[in-house]
Amino acid sequence: MQIIKVLTRVYLNPTELDDAIVFYENLFTENCWLWFQYSETGLELAGVGSMLLIAGSAEALTPYKNTQATFLVDSLHDFRELLTQQGAVILAEPKPVPTGVNMRVLHPDGTIFEYVEFM
């Protein structure tokens, strides 16, 4: 059981996404490794280095802005079990998403994180 990568979330207006990708590509000296439109939510996402850029209207972003970061993990099932044993609350049960399977979790310290088993 392992956290593969922690992604810092940056919430953007859709018109800012292309410039943000270029900025972070230059900053990390890496190419964008993830890009997709999540039409069910009205969001567009891109990954550069350890940044997860999430673009959408203010209305589309509202349900996601309280999530602090995204943890890419090797086994969502194992993390769900460990987290609940340690007092975390599963806010959104595991469900399929364009990148694999995700869940939202409230940690005992009050922070909310997304966990993704990346496919």
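Predicted model only: the values in this text are computed from it and were never measured.

Novice: For this particular structure, what's the right way to read the layout of surface pockets?
Specialist: Empty space among the atoms can be located by rolling a probe the size of a water molecule over them. What the largest pocket holds in volume is close to 350 Å³. Looking at the lining of the largest pocket, the elements with two or more residues in it are strand S1 (3-12), strand S2 (34-38), strand S3 (43-48), strand S4 (51-55), strand S5 (67-73), strand S6 (89-97), strand S7 (100-106) and strand S8 (112-118).

Novice: How should the pairing of S6 be read in this particular structure?
Specialist: If a strand is regular, its side chains alternate between the two faces of the sheet. For S6 and S7, the ladder comprises 6 bridges, and the chain directions are antiparallel. Looking across to S7, one finds that Pro96 is bridged to Val101. Joining the antiparallel neighbours S6 and S7 is a turn of 2 residues.

Novice: Looking at this model, I keep getting lost on the environment of Leu61. Mind explaining?
Specialist: When you line up the elements, Leu61 lands in helix H2 (residues 58-61). What Leu61 contacts, discounting residues up to four positions off in sequence, is Tyr11, Leu12, Leu43, Ile54, Ala55 and Gly56.

Novice: What is the right way to read the nonpolar core from this model?
Specialist: Soluble globular proteins tend to bury their nonpolar side chains together. Core analysis: the biggest nonpolar cluster contains 13 residues, and Phe36, Tyr38, Leu43, Leu45, Leu52 and Ile54 have the highest contact counts within it. Elements with a contribution of two residues or more to this core: S2, S3, S4 and H2. With 3 residues, S2 is the largest single contributor of residues to this core. Of all hydrophobic cores here, the second largest spans 12 residues; its members include Leu76, Ala88, Ile90 and Tyr115.

Novice: Explanation requested: the side chain of Arg104 in the structure shown.
Specialist: Counting through the fold element by element, Arg104 comes out in strand S7. Buried and unpaired, Arg104 has Glu114 as its nearest opposite-charge partner, separated by 7.6 Å. Reaching out from Arg104, the side chain makes a polar contact with the side chain of Thr67 at a distance of 3.3 Å. Ignoring anything within four residues of it in the chain, the contact list for Arg104 reads Asn66, Thr67, Val89, Ile90, Leu91, Ala92, Ile112, Phe113 and Glu114.

Novice: How should helix H3 (residues 76-85) be read in this particular structure?
Specialist: An α-helix turns once per 3.6 residues; consequently, residues spaced three or four apart project the same way. Looking only at H3, the buried set comprises Leu76, Phe79 and Leu83. Taken end-on, H3 shows its buried residues confined to a sector of 60°, consistent with a single buried face. Pointing more than 90 degrees away from the buried face of H3 are the exposed residues His77 and Gln85. Buried residues along H3 sit in contact with S1, S5, S6, S7 and S8. A positive phi of about 95° marks Gly87, the residue just after H3.

Thresholds, definitions, all that
Residues numbered from 1 in each chain as written. Predicted model: local features only at pLDDT ≥ 70, side-chain atom pairs only at ≥ 80, totals over all residues. Heavy atoms only, no water. 1 Å grid on protein atoms, 1.4 Å probe; cavity = no way out; pocket = protein on both sides within 12 Å on 5 of 7 lines; lining within 4 Å. Points joined across faces, edges and corners; volume = space filled by probe spheres on them. Helix = DSSP H or I, 4+ residues; strand = E, 2+ residues; numbered from the N terminus. Pairing = 2+ DSSP bridges. Contact = heavy atoms within 4.5 Å. Core = buried A, V, L, I, M, F, W, Y, C linked by side-chain atoms within 4.5 Å. Buried < 20%, exposed > 50% of the residue type's maximum accessible area, 1.4 Å probe, protein only. Lys, Arg positive; Asp, Glu negative; His and termini not counted. Salt bridge = Lys/Arg side-chain N within 4 Å of Asp/Glu carboxyl O. Polar contact = N/O pair within 3.5 Å; in protein donor to acceptor, adjacent residues only side chain to side chain. Arc of directions from axis to C-beta.

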